[in-house]
Amino acid sequence: MKTPHKPYPSWYLNITPDNSSYFYCVGSGKTKDEAIANALSQLVSQLGVEVSSSYHSDAKIENHILTKKLQQKINIEVENIRISNYRVTDIEKYKYNEILVRIQSNRAKIVSALKEEIDTSHARIKKQIALVSNHNQLESEYQINRLKEVINTLTPKILILGTLDNSYDTKEHYRLIATIDKLLDELHRKMLFNIEGDHRFVPILEGQVAKLGYNLSKNSNALVFKVTVNESIINATSMVKIALFNITLALYQKNQLIGKKNMRFKERYSNDNVNLNRNIIIHFEEKIANKNLQELMLREPD
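The sections below set out a description of the structure shown in this document. Worth saying up front: this structure is predicted, and the values here are computed from it rather than measured. (Residues numbered from 1 in each chain as written. Predicted model: local features only at pLDDT ≥ 70, side-chain atom pairs only at ≥ 80, totals over all residues. Heavy atoms only, no water.)

1. A closer look at the packing of aromatic side chains
Point 1. Tallied over the entire structure, the rule returns seven aromatic pairs.
Point 2. Centre to centre, the rings of Tyr-22 and Tyr-24 are 6.3 Å apart; their planes meet at 55°, and the pair counts as tilted.
Point 3. The exposure class assigned to Tyr-22 is partly exposed, which follows from its relative accessible area of 28%.
Point 4. With a centroid separation of 6.1 Å and 35° between ring planes, the pair formed by Phe-193 and Phe-225 is classed as tilted. Placement of Phe-193 in strand S4 (residues 192–197) and of Phe-225 in strand S6 (residues 223–235) is noted, with a sequence separation of 32 residues between them. Each member of the pair, Phe-193 as well as Phe-225, carries the same accessibility label: buried.
Point 5. One Lys or Arg, Lys-226, reaches over the ring of Tyr-252 and ends 5.2 Å from the middle of that ring. (Phe/Tyr/Trp six-rings, centres within 6.5 Å; stacked < 30°, edge-to-face > 60°. Buried < 20%, exposed > 50% of the residue type's maximum accessible area, 1.4 Å probe, protein only. Helix = DSSP H or I, 4+ residues; strand = E, 2+ residues; numbered from the N terminus. Lys NZ or Arg CZ within 6 Å of the ring centre and 35° of its normal.)

Printed below as a string of structure tokens:
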């Protein structure tokens, strides 16, 4: 006859409800470390559900969508926070190969650490926003896009903080996002492009610039995109000739060089210039396809 297992401890069966000061969770494992890890995993899952629920119902962020990618970021951020903010309140060896634990996580410490990190990041972003106008347009676009990336990485933390502390004003974060979006939109409206240079490549550049959402203009305030080509024919062997093309893209704002990129192409040459030009144009078009302005141009320091 099998000996019945001793009953689970009451603290394991009846998990202490979360309160304004602490989160509680239990876990089991073959070792103490495994039991703690499982308890933390449960706690992460529990908070992740709470944050997601809060996200969907929060009118302050009604213009944002909880995508699968953002949910994954939230879970990662929660996990990172949890690991360093807990203590084991109870531990018991239930069976010879099973350890039970209860953990307690300090809500105030989590909130305090998050507030400090977010407030510091927001202050830094505000300073950088104030400096954007000091750069040329290409550099300004680069800096604004960087700010957009930085502030978007804070969004999961904002969601967590807003869930843990209902008094925290999350609106400030979304005002900063709106400010950055507005800056980028205004800059794009001001960024006019005039494409000059080698007639073979100007139409391709014009098409790419238009595809990126910029306007073409002959206005004196337009950025000037110059494309120049140096080409030569060399004898690779006594029977084979190679055409070398060095294409330079240079971007100017008020006659100041703000971006430059060199591209090199080579093509077998058979005394057929029409076919040679067609092939080089195709290679050039493939090279710049799907590239944004920052990828297309190497920024020159102010």
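2. Examining the pattern of salt bridges
Point 1. Applying the stated criterion across every chain, the model contains eleven salt bridges.
Point 2. A salt bridge links Lys-157 to Glu-117; its shortest N-O distance comes to 3.5 Å. Here Glu-117 lies in helix H4 (residues 107–131) and Lys-157 lies in helix H5 (residues 137–164), a separation of 40 residues in the sequence.
Point 3. Given a relative accessible area of 11%, Lys-157 falls into the buried group.
Point 4. Taking the relative accessible area as the measure of exposure, Glu-117 reaches 35% and is therefore partly exposed.
Point 5. Among the ionic contacts, a cluster of salt bridges with common partners joins Lys-126, Asp-169, Glu-172 and Arg-175. (Salt bridge = Lys/Arg side-chain N within 4 Å of Asp/Glu carboxyl O.)

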